[in-house]
Amino acid sequence: MDELRAQGYETISVLDFLRAKKGKQTLPEKAVIVTLDDGYKDNYTDMLPIMESRGMKATVFMVTNDIGLPGYLTWDMLRDMQERGIEIGSHTANHMALTTMPPEDVKAEVQLSKTLLEWNKVKTVFALSYPNGKYRDYMLPILKETEYLAAVTGDPGLNTFETNPYLLRRINIPRPYFGLTEFKLRIWKAKIFARFGSLLNQQY
Ligand SMILES: [Zn+2]
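Below you will find a few notes about this structure. Remember, it's a predicted structure, so these values are computed and weren't measured experimentally. (Residues numbered from 1 in each chain as written. Predicted model: local features only at pLDDT ≥ 70, side-chain atom pairs only at ≥ 80, totals over all residues. Heavy atoms only, no water.)

**Digging into unusual backbone geometry**
Short version of the rule: Helix numbers and strand numbers start at the N terminus; a helix is a DSSP run of H or I with at least 4 residues, a strand a run of E with at least 2. Only protein chains enter the calculation, and the probe is 1.4 Å; a residue is then buried if its accessible area is under 20% of its type maximum, exposed if over 50%, and partly exposed in between.
Phi angles above zero are rare outside glycine, and aspartate 38 is one such case at about 90°. Tracing the chain through its elements places aspartate 38 in strand S3 (residues 35-38). Take aspartate 38: its relative accessible area is 17%, and that puts it in the buried class. Located in the positive-phi region is threonine 92, a residue other than glycine, with phi close to 75°. Inspection of the secondary structure assignment puts threonine 92 in the loop between strand S5 (86-90) and helix H5 (103-119).

**Quick word on the coordination of the zinc ion**
Formally: In this description, a donor is an N, O or S atom within 2.8 Å of the metal centre, a cutoff extended to 3.2 Å for sodium, potassium and calcium. Water is not part of the atom list, which can make sites seem incomplete.
Within the protein, Asp38 (OD), His91 (NE2) and His95 (NE2) serve as the donor atoms for the zinc ion, at 2.1 Å. Linear spacing of the donor residues for the zinc ion on their chain is D-x52-H-x3-H. Of this pair, aspartate 38 sits in strand S3 while histidine 91 sits in the loop between S5 and H5; the two residues are 53 residues apart in sequence, bridging distant segments of the chain. When sorted by exposure, aspartate 38 lands in the same class as histidine 91, which is buried.

**With respect to the pattern of salt bridges**
What counts is decided by this rule: Any Lys or Arg side-chain nitrogen located within 4 Å of an Asp or Glu carboxyl oxygen qualifies as a salt bridge.
In the structure shown here, the tally under the stated rule is nine salt bridges. As a salt-bridge pair, glutamate 118 and lysine 114 come within 2.9 Å of each other at their nearest N and O atoms. Of the two residues, glutamate 118 and lysine 114 are both situated in helix H5; the distance of four residues between them amounts to about one turn of the helix. Given a relative accessible area of 30%, glutamate 118 falls into the partly exposed group. Of the residues examined, lysine 114 reaches a relative accessible area of 6% and is grouped as buried. Between glutamate 182 and arginine 186 there is a salt bridge; the shortest N-O distance is 3.5 Å. Of this pair, glutamate 182 and arginine 186 both sit in helix H7 (residues 179-200), four residues apart, roughly one helical turn. In this structure glutamate 182 comes out as buried when scored by relative accessible area, which is 14%. Classification of arginine 186 by relative accessible area gives partly exposed; the value is 28%. Connected via shared salt-bridge partners are Glu52, Asp80 and Arg84.

Written out as structure tokens, the structure reads:
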């Protein structure tokens, strides 16, 4: 996070991005959305203090059937995080691969998780993270119908206001074996390919 800041990035939420897309707010020149999938307990014990002490934001995508299980966030943690600047999204109810499900099951997974979060006083959930980052085109109308406004994929890359909001790309940051150098390289590669990717016709 210090490295992101040193490079001039400022964190925003998915909602900030959507509002800015509609012209309702302005974004910093170098805006980044930090997303974390699955809802592990360390999002609360480790990530939250790191972000809070730096005045940074993040978005946590929670698998709702894992809430309160050992190693996962609890309802109290989720609500407290949200009060402290962390955006909460859905990572479906069960984290099953949506791509192997019939549309009605996909709808149940995304609808149930959103409803459950909101019933338990997590503020309106409008963003989804597809399990394993995988999706199919037929899911997009389902997300719209169930009142999601955006979704993040496992597709690598950067986003602009022209990016389909249900197909937002991400830069995957796995556990770094080569420390900060690896992190810097991943950011650098994403920027290079955002600029030249279409010319090179290549993924990274
Ligand atoms: Zn996941």
